[in-house]
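# Residue-level structural notes
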Amino acid sequence: MGQPVAGNPTQYMMEKAFAKAGLDWRYLTLEVAPEGLEDAIRGMRAMGFKGGNFTIPHKVAVIPLLDELSEAARLMGAVNCVNRVDDRLIGENTDGKGFVESLRGVAEPEGKKVVLLGAGGAARAIGVELGLSGAADITVVNRSAERGEPLARLLSDEVKVASRLVVLEGDYAIPEDTDVLINATSIGLGDAAARVPIDVNSLREGLVVADVIFNPPQTRLLRDAQEHGCTTLDGLGMLVNQAVIGFKIWTNVDADAGVMREALEEFLGI
Ligand code: NDP
């Protein structure tokens, strides 16, 4: 275990991957206040940036400033990746794709029954992308109905995947026919002991349990899942894969995912 590196994890991964691919490109981290977003986009165009990643609070606000959206970004109503093609800025969302790519390392999403904990930005991106990738059924489990309802409705009405909301009350017991359980809440962020409200005795062999939390990557949920014989997937894979996908979108070159994973672990000091 080393010392964490200061800065931004995606920047760190991208810079290492540019070097590995022999590309003389730079990935800059630029902080933009909400009122400066429009000017920043104009600046991107004027300076000929190839693209960029956008994070909170810009993921939704950037949409009217772009020329086009991918289907996933349109459905999610959020953009985390912009690509310039000629003079057009195209909004993408690579968060959900990064998750699905990571999932494919242990299970194909097609036909799977999924329990998705959470209904924020990460859950929305994952739910839409799983639906577009052929998942059979997605149960959204969320603390508040305010955010849970619109996600379940989006999935069933627009993404056309069977979906419903379960509002959290006490510990949620994972239904026996579930193939994949995903924690897409912020529970566990910065706290390896934080407990996701599920009945741990409903975890069983054969279930894939994924966590979006990447810091620390060994969450309590993943430790419980391992003890119950589940296949587990940490949040590092999702983060690495969204960077691999962004790299390809901008450069049209396949990034070295191993170099990116190593860079991320070095960045986090793990
Ligand atoms: P949001 O704030 O949009 O959503 C948070 C979600 O967590 C909501 O569904 C919220 O429920 C739920 N939640 C938070 N605290 C509790 C609690 N105590 N009990 C029950 N539910 C709770 O966050 P994001 O969706 O943007 O991000 C979620 C996490 O995903 C973050 O920790 C982020 O770091 C991680 N992430 C990881 C990525 C990766 O590549 N690995 C990529 C993107 C995000 P409610 O609606 O009721 O408030």
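Here the residue numbering is sequential within each chain, running from 1 through the sequence in written order. Local features in this predicted model are restricted to residues whose pLDDT is 70 or higher, and side-chain atom pairs enter the listing and the counts only when it is 80 or higher, whereas totals over whole chains, interfaces and linings include all residues. Note that water and hydrogens are dropped before the side-chain values are worked out from all heavy atoms of the structure.

As a further point, take the domain arrangement of the protein chain. Just so you know, the domain bounds were taken from an automatic or database domain assignment. Per the domain assignment, the segments making up the protein chain are domain 1 (9-95 + 238-268) and domain 2 (96-236). Once you take the C-alpha centre of each, domain 1 and domain 2 turn out to be 25 Å apart. If you look at the interface, domain 1 gives 19 residues, while domain 2 gives 21 residues. Joining two parts hides part of their accessible area as seen by a 1.4 Å probe, and the buried area is that hidden amount summed over both. In this assembly, domain 1 packs against domain 2 so that about 1700 Å² is buried in total across both faces, 64% of it on carbon and sulfur atoms. Pairs of residues are marked as contacts when any of their non-hydrogen atoms sit within 4.5 Å.

It is worth spelling out the sheet that holds strand β1 (residues 51-53) at this point. Pairing between strands is defined by DSSP: at least two bridges between them are needed. Under the scheme used here, helices are H or I runs from DSSP no shorter than 4 residues and strands are E runs no shorter than 2 residues, and both carry numbers assigned from the N terminus. Spatially, four strands are ordered β1-β3-β4-β2 in an open sheet, and the strand pairing comes out mixed. One side of each edge strand has no neighbouring strand; the edge strands of this open sheet are β1 and β2 (68-69). Across two bridges, β2 lies against strand β4 (residues 88-92) in parallel orientation. Each residue of the ladder has a partner; that of L69, found in β4, is G91. Note on geometry: axes are C-alpha line fits, over the in-contact stretch for helices, and angles between N-to-C directions span 0 to 180 degrees. Set on the sheet, helix α8 (residues 235-251) makes contact with β1, β3 (81-85) and β4; between it and β3 the angle comes to about 10°.

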